[in-house]
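Structural overview for review
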Amino acid sequence: MVMRNTPLPRMSRRGRVTIGVLVGVFLLFTLLSWGVDAWTDWLWFEEVDYTGVFTGVLVTRLLLFLSVGLAMALVVGGNLYLAYRLRPLLRPHSAEQATLERYRMALTPRLGAWIGIVSVLIGFFAGLSAQGRWQDWLLFQNSTPFGVRDPEFNVDVGFYVFDYPMLRYFLGVGFTAIVLSVLGALAVHYVFGGVRLQGIGDRMTTAARAHLTSLVAVFVLLKAVAYILDRRALLLAYNEGTGLYGAGYTDVNALLPAKEILAYISIVVAIAIIIFSNAWMRNLVWPGVSLALLGISAVAIGGIYPLAVQTFEVKPSLRDKEAQYIDRSIKATRTAFGLDKAKMQGYGATNLTPPADLATEPNATNVRLVDPSLVAQAYTLRQQVRPFYDFGEKLDIDRYEVDGKVQDYVVGLREINDAELTTQQRNWLNRHTVFTHGYGLVAAPTNRICDGFPFFVSGFLGNQNQQQGCSSAGEQIEVKQPRVYFGEKTTEYAIVGAGDPDRNVEFDRPIGASEGQEQYYTYTGTGGVEIGAFHRRLLFAIKNAESNFLLSDAVNENSKLMYVRDPRSRVEKVAPFLTIDGDPYPAAIDGRIKWILDGYTTAATYPYAQRINLQSETTDELTNRGTFALAGDNVNYMRNSVKATVDAYDGTVELYEWDDTDPVLKSWNKAFDGLVTPKAQIPESLTEHFRYPADLFKVQRNLLAQFHVTSPEEYFSGQDFWQVPNVPDAPDTGVKQPPFYLNTKLPGQNETRFQLTSAVTPRGRENLAAIVSGSYVGGQPSLEVLELPDQTAVLGPGQVHQTMTNAAAVRQELTLLQSNQAQVQYGNLLSLPVGDGMLYVEPVYVRSNQANAVPLLQKVLMSYGDGRYVVLANDLSSGLKQLVDQSKQAAPPPPATGTPPPPAGQPTPTPTTTTPAPPPPLGDTSLAAAAARVDAAINEVKAAQASGDFARYGQALNNLQTAMADFQAAQRAAGGTPAPTGAPAPTPSG
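Per-chain numbering applies: the sequence of each chain, read as written, is numbered from 1 onward. Given that this is a predicted model, residues contribute local features only at a pLDDT of at least 70 and side-chain atom pairs are listed and counted only at 80 or more, while totals for whole chains, interfaces and linings are drawn from all residues. Think of the side-chain values as coming from all heavy atoms in the structure, minus any hydrogens and water.

Another point: the overall build of the chain. The secondary structure listing takes helices from DSSP runs of H or I that are at least 4 residues long and strands from runs of E that are at least 2 residues long, numbered from the N terminus. When helices and strands are tallied, the chain shows 26 helices and 34 strands. Counting every position in the chain, which comprises 990 residues, the buried fraction comes to 53%. A 1.4 Å probe and the Shrake-Rupley method give the accessible areas. Residues count as covered only by the protein chains that appear here. Working note: accessible area of the chain is about 43500 Å², and carbon and sulfur atoms make up 56% of it. Categorising residues by exposure relies on relative accessible area from a 1.4 Å probe, with only protein chains included: less than 20% of the type maximum marks a residue as buried, more than 50% marks it as exposed, and the intermediate range marks it as partly exposed.

Set out below in structure tokens:
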């Protein structure tokens, strides 16, 4: 039966017009949105004077889009057209060909258009993929040698970091183009009769066979190139036998030669396909056999043989076989993350008794007590003045020279939190034109407390905000321009500089106690994009979908628009190739407030280096509490190569070179024509405020936990590995203890430094293993490790916290503090090497259960040595003296054990342990008299707690501690007998 060749139905004219209109509207709005975004981005880059970044990135992405897209379209489209040109002019009659005839009739008149549409679509998506590789391309184009060669091929590491990623991408593009060409050409050959499934004679014409087999041969040749690149990729692969990255024994001795053999086989197979298909036998049997042999060879040579080597040769003697390659991984990891420059030093910590000069030791007397993650609310209470001011969840630590003395301070900016504006204040006019900025850098010394609050020395709004005795008489850290237009809390755009000549409209600060006593301001800086012209207002009205840009009188010819106001986002936009540290911090520099940010250059293809996930390695207790979590990128190379600043008033972004030896930064600087200011040009006033970056330190500390072991044999055993301890007061949460900034002098250091410190413990144990510190010496990073003996008796952070809180006298006081009306919060537990021993300091905050209550620093937990000496003091100096007094007495009993104090509201278990030796009893030491004094002291504690007088409360607790010590001394003098009838036991409940 002969089928009728009916043409495909044609679309009506109205349908074609409708589709055309819809497509046109879609393209219009798409292009309009893209154009508006590009234009506003250009204006923003023009404001910060980094238009070279905008044009450089845009041009690179366009060139990649066009070049890769065009190449893909030409390859695929050319093969489709070639398949059509190679069609047979005469086709045998068959039912199959009769069915295909209707498609040929529909395609042939507009075949060029159809091929063009398919090619453009494929090229478009290929271009979209390519433009996202602009960073790889710029590094490929501007690569800088590392000067370090890999241990296997003796090739510069720069090949792996800069060249390998782009070569692998180009290879993938080639595979994609050939596969699409084979599929497309096969379809065209089938439709036009070059390939047949039915009928008499050959199933494929000579022309079709030559075309398709040539494409397959090219694919096999690309596979040969892939095998060559795979040889280099082995230096980046994961070695399951050792748990490290890089080629191991099996890779080097089995896979490497296998990959080389397979590359040669692939070349031979490609030639065989061409010859057997076209020049000699002219059939597909032998080409098919060749491909099958290639597949069998890949399985046997590349799979079975390496597996046999791993199973029968490597596993029985894994340590000996892999020792050389473990050594390579250790060295590469230490170099890639800067661990090779870490200074390892032994610290015996043999002194378990507080030294006599502990109370005057500078490293002990200058310990930081104020925890920046707990005092933000205290700053808000004392320095907020208006409900919409906010200091964030965590403040920052910096150091300043005041009265000739360099000291560390807790600093924070008084910013406007848009979320705290009232309903009336949240209208468009107020949010964007009135509440535009914060005011003042508020600072307090880290070791000075006033009635539980920090002692404020700067950032005052007026005399009414200075608490008598709890703040300095004047500004000790002077800032000439205290207004904060760019900060971490600025989520809204702001329209500034639009004030009436006779009236300022921007809320500046309160100048009196009442609501009406307020000062207003008009912005006069250089920040912001000018939007006085109508077309600019129209542009941003479209961008923000807000008609007030055109209708509101608040926008006039003097207006400027500030957007992208968060310091971290500004630096990421200016330098998109950097990974920005999660903890920017403000500093007063030359009379202005500037945000300081640390920028990292990273790579993921450093041979033999350990690969880590940035997000998981930098997450700890403070992540997302005033800090930012890093993206979950996998990297195996990291450098703190850039220090960036953002001016809080005008938003100016500056990038300064910090690691002048980093090849990655040199390549980026070459790509963007000197984007980063040389290190020699960094102002000295700015350098004084640089600090060792927290996220880099966390990564280095975590890696040092393993890679401080440099012997392959010892590393393989894993017996000397360390771990980062969990938060001491909540160890079961699994949250890591963060590192702490201290202004101190550690053993082996010549001077006091502002440094980041962290304690580490042996893996699987809780005692102290080492103290890791990071600081700057002469403008260069210094990573130092104080390593304790393996079997040390010195306690780790978790053990120390448990020991201190479980001491009988301490526990009873903590239980009294943690009543139904208040709760105890522990600050940062600091581990300090002092006097050839270890001093531990942990501030104790008390927070009332009332709404919006503020944690107040009331006590200081302190311990020395192995935990036998524990005190809970009112302040640092008295605590140090008490530790010294304990050491002067008889040998103290073993440390108390037990459970931590119970939650508020639950009964207190009776102490079953003894306390360290108490001070000499006062007055009558008879048991009854001592019990009576305990009763009186407990009653005074309750009365002081009810009155809300923290000073009286603290004194009452001290009296209770003395009375309880007297009672215990009297009890021992009486032979340890229980209290006689009528003498109440000294329990917190009375």
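Next, the rest of the story.
A few words now on empty space enclosed by the protein. Points on a 1 Å grid over protein atoms alone make up a cavity when a 1.4 Å probe fits among them but cannot get out, and a pocket when they form an open set with protein on both sides within 12 Å along at least five of seven lines; lining residues each have an atom within 4 Å of a point. Grid points are joined across faces, edges and corners, and a volume is the space filled by probe spheres set on the points. Counted under the stated rule, the structure contains 4 cavities of 30 Å³ or more. Together, Gln737, Pro738, Phe740, Leu742, Thr757, Ser758, Ala759, Ile771, Leu829, Leu830 and Ser831 line the largest cavity. The set of elements that each furnish at least two residues to the lining of the largest cavity consists of strand S26 (740-744), strand S27 (753-762) and strand S31 (830-834).

Moving on: the sheet that holds strand S16 (residues 529-530). One requirement defines pairing of two strands: DSSP has to find at least two bridges between them. Read across the sheet, 3 strands follow the order S13-S17-S16 without closing on themselves; strand pairing throughout is antiparallel. Here the strands that pair on one side only, and so sit at the sheet edges, are strand S13 (494-496) and S16. Bridge count between S16 and strand S17 (residues 560-562): 2 bridges; the pairing is antiparallel. Across the sheet, residue Glu530 finds its bridge partner in S17, namely Lys560.

Time to look at the nonpolar core. In a soluble, globular protein the nonpolar side chains are often hidden away together inside. Each nonpolar core is a collection of buried residues, namely Ala, Val, Leu, Ile, Met, Phe, Trp, Tyr and Cys, held together in the definition by side-chain atoms within 4.5 Å. By size, the foremost hydrophobic cluster in this structure holds 197 residues, and its most contacted members are Leu655 and Leu839. The element best represented in this core is helix H6 (residues 157-191), accounting for 16 residues. Whether two residues are in contact is decided by their heavy atoms, any of which lying within 4.5 Å being enough. Excluding anything up to four places from it in sequence, Leu655 contacts Tyr50, Val571, Val574, Ala575, Val642, Lys643, Ala644, Leu675, Val676 and Thr677. Ala759, Leu817, Leu872 and Leu957 belong to the second-largest nonpolar core, a separate cluster that totals 38 residues.

Patch membership requires over 30% relative accessible area and the absence of a salt bridge. Like charges are linked within 9 Å, and nonpolar side chains (Val, Leu, Ile, Met, Phe, Trp, Tyr) within 5 Å. For this analysis, a salt bridge means a side-chain nitrogen from Lys or Arg found within 4 Å of a carboxyl oxygen belonging to Asp or Glu. On the surface, Leu32, Phe534, Leu538, Ile542, Leu550 and Leu551 cluster together into a nonpolar patch covering about 560 Å² of accessible area. Breaking the nonpolar patch down by element, the ones donating at least two residues are helix H14 (534-544) and helix H15 (548-551). At 3 residues, the largest contribution of residues to the nonpolar patch is made by H14. Here Leu551 lies in helix H15.

The next thing to look at is the side chain of Gln749. Mapping Gln749 onto the fold places it in the loop between S26 and S27. We call two N or O atoms a polar contact when they sit within 3.5 Å, provided that within protein one can donate a hydrogen and the other can accept it, with sequence-adjacent residues counted only if both atoms are side-chain atoms. In terms of polar contacts, Gln749 uses its side chain to reach the side chain of Gln755, at 2.9 Å. Those residues within four positions of Gln749 in sequence are excluded, and the remaining contacts are Thr744, Gln755, Ser773 and Glu784.

Let us now look at the side chain of His432. By the element assignment, His432 lies in helix H13 (residues 428-434). Residue class for His432 comes out buried when judged on its relative accessible area of 2%. Within the local environment of His432, its side chain forms a polar contact with the side chain of Arg431, the two groups lying 3.3 Å apart. What His432 contacts, discounting residues up to four positions off in sequence, is Glu492, Tyr493, Ala494 and Ile495.

Time to look at the packing of aromatic side chains. Put simply, two rings from Phe, Tyr or Trp (the six-membered ring, in Trp's case) pair if the centres are within 6.5 Å, and we call them stacked under 30 degrees between planes, edge-to-face over 60, tilted for the rest. Using the criterion set out here, one finds 41 aromatic pairs in the structure. Each ring, one from Tyr84 and one from Phe192, has its centre 5.1 Å from the other, and the planes form 80°; the classification is edge-to-face. Of this pair, Tyr84 sits in helix H2 (residues 51-85) while Phe192 sits in the loop between H6 and helix H7 (206-233), and the two are 108 residues apart along the sequence. Pairing Tyr379 with Phe456 gives two aromatic rings, centres 5.0 Å apart and planes at 80°, and the pair type is edge-to-face. Here Tyr379, found in helix H12 (residues 376-383), pairs with Phe456, found in the loop between strand S11 (453-454) and strand S12 (483-484); they are 77 residues apart in sequence, far enough to count as distant. Owing to a relative accessible area of 0%, Tyr379 belongs among the buried residues under this scheme. Taking relative accessible area as the criterion, Phe456 reaches 2% and is therefore assigned buried.

Reading across the sheet, the 3 strands line up as S5-S6-S9 and stay open at both edges, with antiparallel pairing between neighbours. Either end of the sheet is taken by a strand with one partner, and the two such strands are strand S5 (396-402) and strand S9 (441-445). Averaged over neighbouring strand pairs, the angle between their axes works out to 45° when direction is ignored. Bridge count between S5 and strand S6 (residues 405-413): 7 bridges; the pairing is antiparallel. Looking across to S6, one finds that Tyr400 is bridged to Gln407. Packing against the sheet, H12 makes contact with S6 and S9, and its axis sits at approximately 120° to S9. In this analysis an axis means a line fitted to C-alpha atoms, helices contributing only their contacting stretch, and an angle means the value between N-to-C directions, from 0 to 180 degrees.

Axis separation between helix H10 (residues 318-336) and helix H20 (residues 694-707) bottoms out at 11 Å; the angle between their running directions is 160°. Judged by the angle between their axes, H10 and H20 are roughly antiparallel. Judged by the sense of rotation from one axis to the other, the crossing of H10 with H20 is left-handed. Contacts from Ser329, Ile330, Thr333 and Arg334 in H10 reach Leu703, Leu704 and Phe707 in H20. Here the contact of H10 with H20 is built from residues that sort into 4 nonpolar, 2 polar and 1 charged. Roughly parallel covers angles under 35 degrees, roughly antiparallel covers those over 145, roughly perpendicular covers 65 to 115, and oblique covers all other angles. Whether a crossing is left-handed or right-handed is set by the direction in which the near helix is turned from the far one by less than a right angle, anticlockwise for left-handed and clockwise for right-handed. Charged means Asp, Glu, Lys or Arg here, nonpolar means Ala, Val, Leu, Ile, Met, Phe, Trp, Tyr, Cys or Pro, and polar covers whatever is left, Gly included.

Before going further, it helps to examine the confidence of the model for the chain. pLDDT is a per-residue confidence score from the predictor, ranging from 0 to 100. Mean pLDDT over the chain works out to 85, with 85% of the residues at or above the 70 mark. This model gives residues 892-925 a pLDDT under 50, and the stretch forms 70 contacts once residues within four places in sequence are excluded. Low pLDDT, under 50, characterises residues 976-990; the stretch is placed with 24 contacts to residues that sit more than four places away or in other chains.

Structurally, the position occupied by Leu441 is in strand S9. In sequence terms Leu441 and Ile593 are 152 residues apart; their C-alpha atoms lie 7.5 Å from each other. Apart from the residues lying within four places of it in its own chain, the contact partners of Leu441 are Tyr400, Val411, Gly412, Leu413, Ser458, Gly459, Val479, Pro586, Ala587, Ala588 and Ile593.

One can find Asn504 in the loop between S13 and strand S14 (506-510). Given a relative accessible area of 36%, Asn504 falls into the partly exposed group. Through-space distance from the C-alpha of Asn504 to that of Tyr523 is 9.2 Å; in sequence the pair is 19 residues apart. Apart from the residues within four sequence positions on either side, Asn504 is in contact with Tyr520, Tyr521 and Thr522. Looking at Asn504, its side chain comes within polar contact range of the main-chain oxygen of Tyr520, at 3.5 Å. A polar side-chain atom of Asn504 sits 2.7 Å from a polar atom in the side chain of Thr522.

Moving on to the environment of Trp137. Along the chain, Trp137 falls in helix H5 (residues 134-141). Look at Trp137 and you get partly exposed, because its relative accessible area is 23%. In this structure, the C-alpha to C-alpha distance between Trp137 and Thr60, residues 77 residues apart in sequence, is 8.3 Å. Not counting residues within four places of it along the chain, the set of residues in contact with Trp137 comprises Thr60, Leu64, Met166 and Phe170.

Burial of strand S33 (residues 856-864) is extensive: 9 of the 9 residues sit out of reach of the surface. Pairing geometry for strand S32 (residues 837-848) and S33, over 8 bridges, is antiparallel. Bridging from a neighbouring strand, Val844 pairs with Lys859 of S33. Where S33 and strand S34 (residues 869-873) come together, 5 bridges link them in antiparallel fashion. By the bridge assignment for S34, Met862 is matched with Val871. Turn length for the S33-S34 hairpin, with the two strands adjacent in sequence and antiparallel, is 4 residues, and the turn residue Gly865 shows positive phi of about 75°.

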